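This is what each chain is made of:
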Amino acid sequence: MNAQFCKKMGLVAAVALLPSLTACAATFAPKVDQTSPLAPRIEALIAANRHYPSWSDFPAAPEALPPASLIAANVADLEGQGTALSGQVAGIDWTLGDPEALAAETRERVGAVPVSPDAIQTQADIDAFAQSLRDRAKAPPPIDRRPPQ
């Protein structure tokens, strides 16, 4: 009983909403201001492209595709290459077992490389140097050009 009532109410709701939906669709219809000087050109462009795209504009179905057996053979070949590569990777003697030893070795190697004096400067050193350049850049006091009295 309730199912039939719900179906009937759904039908009534759809019929009631139909006029409002068609009113919304009409608001999206393109309108051209006929007083505009571009109106004829716009109408011509709309008329020329009204039926675009057509099926003739889509590319044709591909032809001369390789058979499924050839594609399956290529996939099997790639999977075999992947398996062989996994075997080669498994045979590598990895030396990254201890992260602390790697960190110590890296610090040692970095410490052995000489560092540029510019890279050693701290931010305070750089700020002090910049301030000394600003102090040196101040103009001297003006010279008094009046004759002594």
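The written sequence of each chain sets the order in which its residues are numbered from 1. Selection of residues for local features in this predicted model requires a pLDDT of at least 70, selection of side-chain atom pairs for listing and counting requires 80 or more, and totals for whole chains, interfaces and linings are taken over all residues. The side-chain quantities take in all heavy atoms of the structure and omit both hydrogens and water.

Draft legend 1. Here's a closer look at the overall build of the protein. By definition, any uninterrupted DSSP run of H or I lasting at least four residues is a helix, any uninterrupted run of E lasting at least two residues is a strand, and each is numbered from the N terminus. If you tally the helices and strands in the protein, you get 6 helices and 0 strands. Going residue by residue from the N terminus, the α and β elements of the protein occur as α-α-α-α-α-α. Taken over 149 residues, the protein has a buried fraction of 1%. For the area figures, the Shrake-Rupley method with a 1.4 Å probe applies, and any residue is considered shielded solely by the protein chains shown. Working note: accessible area of the protein is about 14200 Å², and carbon and sulfur atoms make up 65% of it. Classification of residues uses two cut-offs on accessible area relative to the type maximum, computed with a 1.4 Å probe and protein chains only: under 20% is buried, over 50% is exposed, and between them is partly exposed.

Draft legend 2. Highlighting the pattern of salt bridges. Within this document, salt bridges are pairs made up of a side-chain nitrogen of Lys or Arg and a carboxyl oxygen of Asp or Glu, the two lying within 4 Å of each other. This structure, assessed with the given rule, holds 1 salt bridge. Among the ionic pairs, Arg146 bridges to Asp144, the shortest N-O distance being 3.3 Å. The burial state of Arg146 is the same as that of Asp144; both residues are exposed.

Draft legend 3. Examining the packing of aromatic side chains more closely. Only Phe, Tyr and Trp rings take part, Trp by its six-membered ring, and two of them pair if their centres are within 6.5 Å. Stacked means planes under 30 degrees apart, edge-to-face means over 60, and tilted covers everything else. Under the definition given, this model contains 1 aromatic pair. Aromatic pair Trp55 and Phe58: ring centres 5.3 Å apart, planes at 45°, arrangement tilted. Looking at Phe58, the relative accessible area reads 44%, which means it is partly exposed.

Draft legend 4. Expanded view of helix α4 (residues 99–111). Here a helix's expected span is defined as the number of its residues, less one, multiplied by 1.5 Å. Taking 1.5 Å of rise per residue, the 13 residues of α4 would be expected to cover 18 Å, and the 18 Å separating its terminal C-alpha atoms lies within 8% of that figure. In terms of residue burial, α4 counts as a barely covered element, since only 0 of its 13 residues are buried.

Draft legend 5. Representation of unusual backbone geometry in the model. Positive phi outside glycine occurs at Ala64, with the angle close to 55°. For Ala64, the position within the fold is in the loop between α2 (39–48) and α3 (68–90).

Draft legend 6. Layout of a nonpolar patch on the surface. Like-charged residues within 9 Å of one another, or nonpolar side chains (Val, Leu, Ile, Met, Phe, Trp, Tyr) within 5 Å, are grouped into patches, provided each residue has over 30% relative accessible area and no salt bridge. A surface patch of nonpolar side chains, amounting to about 410 Å² of accessible area, comprises Leu85, Val89, Ile92 and Trp94. Along the chain, Ile92 turns up in the loop between α3 and α4. Note on Ile92: relative accessible area 41%, which makes it partly exposed.

Draft legend 7. Expanded view of the confidence of the model for the protein. Along the chain, pLDDT gives the predictor's confidence residue by residue, from 0 to 100. Here the protein averages 82 in pLDDT, and 84% of its residues register 70 or above. Per-residue pLDDT, averaged within each element of the protein, yields its smallest value for helix α1 (residues 2–27) (66) and its largest for α3 (96).

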